[in-house]
Amino acid sequence: MVITPVLLAGGSGTRLWPVSRKSFPKQFAPLIGEESLFQASARRLAGDRFGAPLVMTNADFRFIVAEQLDQIGITPSAILIEPSGRNTAPAILTAALSVAATDPDGLLLVAPSDHVVPDIEAFGRAVDLGVPAAQAGRIVTFGITPTRPETGYGYMEAEAAGEGPVVLKRFVEKPDLANAEQMIAQGNYLWNAGIFLFSARTMIDAFRAHAPEFMPPVLAALDEAKRDLGFLRLAPEPWNTLPDLSIDYAVLEKADNLSVVRFSGHWSDLGGWDAVWREAQDGAPAERGAVSDERSTAIDCDNVLLRSQDEGIEVVGIGLKDVMVVATNDAVLVAGMDRAQEVRKAVSALKSKGARQAETFLRDHRPWGWFETLALSDRFQVKRIVVNPGAALSLQSHFHRSEHWIVVSGTARVTVDDLVTLVTENQSIYVPLGAVHRMENPGKVPMVLIEVQTGAYLGEDDIVRYEDVYSRG
């Protein structure tokens, strides 16, 4: 039987700030290796045992999801857009109802898109172990064999210590250190990975029995959903009435048909910079635990993580111990390694003071490519803009600014009012305030240009769109 993978890709990942932010969270970043965590997750859930993935995400990430899947040659069965974040329970019920529309007994494997599981074949074998139980009407969870008394994870108590599937007796909230040590010593407690295998019929029946209040709004959100390019937008009115609950609280803790399969391969949820530090050490043992990248240098350091995300910033640590330093082009995090789980407090503090760095980057990803701010001051802003081959910005105008475009590489087709011009490398064009304009890349390679804006107001909301191939409002 072919299993439908369901990738949950809507989280914000605040514990990995400043690299993970609301505008571009950790699942889409290449934190481990060259590919993003989302791409690695999609690859893990591909192959003969799996069908095309169904992705649950939000409107801000829809084009990122589509682009990253296209880059690795995976075509999704559907990309469903949640109008607002309502945790995992509504998302999983939506996926189950979507599959049930064509195959009520079809199997779904639900997984977060920001975990690290290097051994794809071992994970596949664990899934195979759970298939008979899922076909028999069980909800199968996957528990990770603990390697340390971790207090940052939830646990599951299995009826026996075997590989599985065995009966799942109960869920355990994140424990203190003493309880974590005691559970590991017993041998039948596993980390809760948040990965589930079940048939569509079984999950729908579980919601009807244990959380019936979810059914009408989710059914209405699906019935009233709108097609938008290659996406399916769930209807916001019924969706926004749903409770904000995880699948664990809404259904699983009340169900009596739970099984668990033990997975003893390597796994990490990359829940903090301490986890990234551990992953880097597993990949290439570091001298005295000092982990640094190609733009960082550790001198006489013990148990540190030094990381620079910007080509122009070198991070140097001298005589540091148990410290993490993570630098981007607009923010630097410095914290004790044992305070990794508190990084989200930095995000809250920055939001309270109105700092842009709390949630957004200088680089802004768009469906046509991306741009980043190089300089910003009163009445002027300088951007680097990269437009993908064949892509086009919307036909638009501005009330408060004019723009000067200089092409660095590639060729731009530029519309300014009634004039259409091809602008090539080292050429420029001026867009007066109020002019209706559009920029397109008609070529086969990315087009790069520098944009200089001048005016009284330079915010991104000073845009009037007349036409847009990406259906943005």
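Basis of the calculations
- Residues numbered from 1 in each chain as written.
- Predicted model: local features only at pLDDT ≥ 70, side-chain atom pairs only at ≥ 80, totals over all residues.
- Heavy atoms only, no water.
- UniProt positions renumbered as here; feature names shortened; annotations may be inferred.
- Helix = DSSP H or I, 4+ residues; strand = E, 2+ residues; numbered from the N terminus.
- Core = buried A, V, L, I, M, F, W, Y, C linked by side-chain atoms within 4.5 Å.
- Buried < 20%, exposed > 50% of the residue type's maximum accessible area, 1.4 Å probe, protein only.
- Domains from an automatic or database assignment.
- Pairing = 2+ DSSP bridges.
- Axes fitted to C-alpha atoms, helices over the stretch in contact; angles between N-to-C directions.
- Phe/Tyr/Trp six-rings, centres within 6.5 Å; stacked < 30°, edge-to-face > 60°.
- Lys NZ or Arg CZ within 6 Å of the ring centre and 35° of its normal.
- Contact = heavy atoms within 4.5 Å.
- Patch = residues over 30% accessible without salt bridge, like charges linked within 9 Å, V, L, I, M, F, W, Y side chains within 5 Å.
- Areas by Shrake-Rupley, 256 points an atom, 1.4 Å probe, with all protein chains shown as cover.
- Salt bridge = Lys/Arg side-chain N within 4 Å of Asp/Glu carboxyl O.

- If you look the protein up in an unreviewed UniProt entry, it shows as mannose-1-phosphate guanylyltransferase from Paracoccus aestuariivivens.
- The protein has a UniProt comment under Catalytic activity (unreviewed entry) that states "alpha-D-mannose 1-phosphate + GTP + H(+) = GDP-alpha-D-mannose + diphosphate".

## Regarding the UniProt feature "domain: Nucleotidyl transferase" (unreviewed entry) in the protein
Then comes step 1: UniProt records the feature "domain: Nucleotidyl transferase" (unreviewed entry) at residues 5-281, using the numbering of this structure.
Then comes step 2: For the annotated span residues 5-281, helix accounts for 34% and strand for 22% of the residues, and the straight-line distance between the end C-alpha atoms is 30 Å.

## Quick word on the nonpolar core
Then comes step 1: One finds L109, F142 and L197 to be the most contacted residues of the largest nonpolar core, which totals 67 residues.
Then comes step 2: A per-element tally of this core places helix α4 (residues 120-135) first, with 7 residues.
Then comes step 3: Two domains each provide a minimum of three residues to this core, namely domain 1 (4-263) and domain 3 (363-467).
Then comes step 4: A100, A211, M215 and L252 belong to the second-largest nonpolar core, a separate cluster that totals 48 residues.

## Topic: the sheet that holds strand β16 (residues 321-327)
Then comes step 1: Spatially, 4 strands are ordered β12-β14-β16-β17 in an open sheet, and the strand pairing comes out mixed. Edge strands, defined here as strands with exactly one partner in the open sheet, are β12 (290-292) and β17 (332-336). Between one strand axis and the next, the sheet turns by 10° as a mean value, whatever way the strands run.
Then comes step 2: Pairing of β12 with strand β14 (residues 302-308) involves 3 bridges; the strand directions are parallel.

## Overview of the packing of aromatic side chains
Then comes step 1: Taken as a whole and judged by the stated rule, the model has 11 aromatic pairs.
Then comes step 2: A centroid spacing of 5.4 Å and a plane angle of 65° characterise the contact between F28 and F61, whose relative ring orientation is edge-to-face. Of this pair, F28 sits in the loop between β1 (3-8) and α1 (37-44) while F61 sits in the loop between β2 (54-58) and α2 (62-71), placing them 33 residues apart in sequence. For the pair formed by F28 and F61, the shared burial category is buried.
Then comes step 3: R44 extends its terminal NZ or CZ atom over the ring of F123, reaching a point 5.9 Å from the ring centre.
Then comes step 4: Sitting over the face of the ring of F371, K383 holds its NZ or CZ atom 4.0 Å from the ring centroid.

## Focus: α1
Then comes step 1: The buried fraction of α1 amounts to 6 of the 8 residues, a majority that puts the element mostly inside the structure.
Then comes step 2: For α1, the complete set of buried residues consists of L37, F38, Q39, S41, A42 and R44.
Then comes step 3: In this structure, the buried side of α1 is in contact with β1, β2, α2, β4 (107-112) and α4.

## A few points about the sheet that holds strand β27 (residues 447-455)
Then comes step 1: Taken in spatial order, the 6 strands make up an open sheet running β18-β19-β20-β27-β22-β25, and their pairing is antiparallel. Edge positions in the sheet fall to β18 (363-366) and β25 (428-431), since each of these pairs with one other strand and no more. Direction aside, the axes of adjacent strands within the sheet are offset by 20° on average.

## Let's talk about a nonpolar patch on the surface
Then comes step 1: Together, I299, V316 and I318 make up an exposed nonpolar region whose accessible area comes to about 290 Å².
Then comes step 2: Tracing the backbone through its elements, the reader meets I318 in strand β15 (residues 315-318).

## Notes on the pairing of β4
Then comes step 1: Taken across its 6 residues, β4 has 6 buried, putting it largely inside the fold.
Then comes step 2: Side chains of β4 alternate between two faces, with L107, L109 and A111 and L108, V110 and P112 buried alike.
Then comes step 3: Relative to β4, β1 is paired through 6 bridges, and the arrangement is parallel. Residue pairing for β4: I3 is matched across the bridge by L107.
Then comes step 4: One ladder, built from 4 bridges, connects β4 with strand β8 (residues 189-199); its direction is antiparallel. Among the inter-strand pairings, L107 is bridged to a residue of β8, identified as S199.

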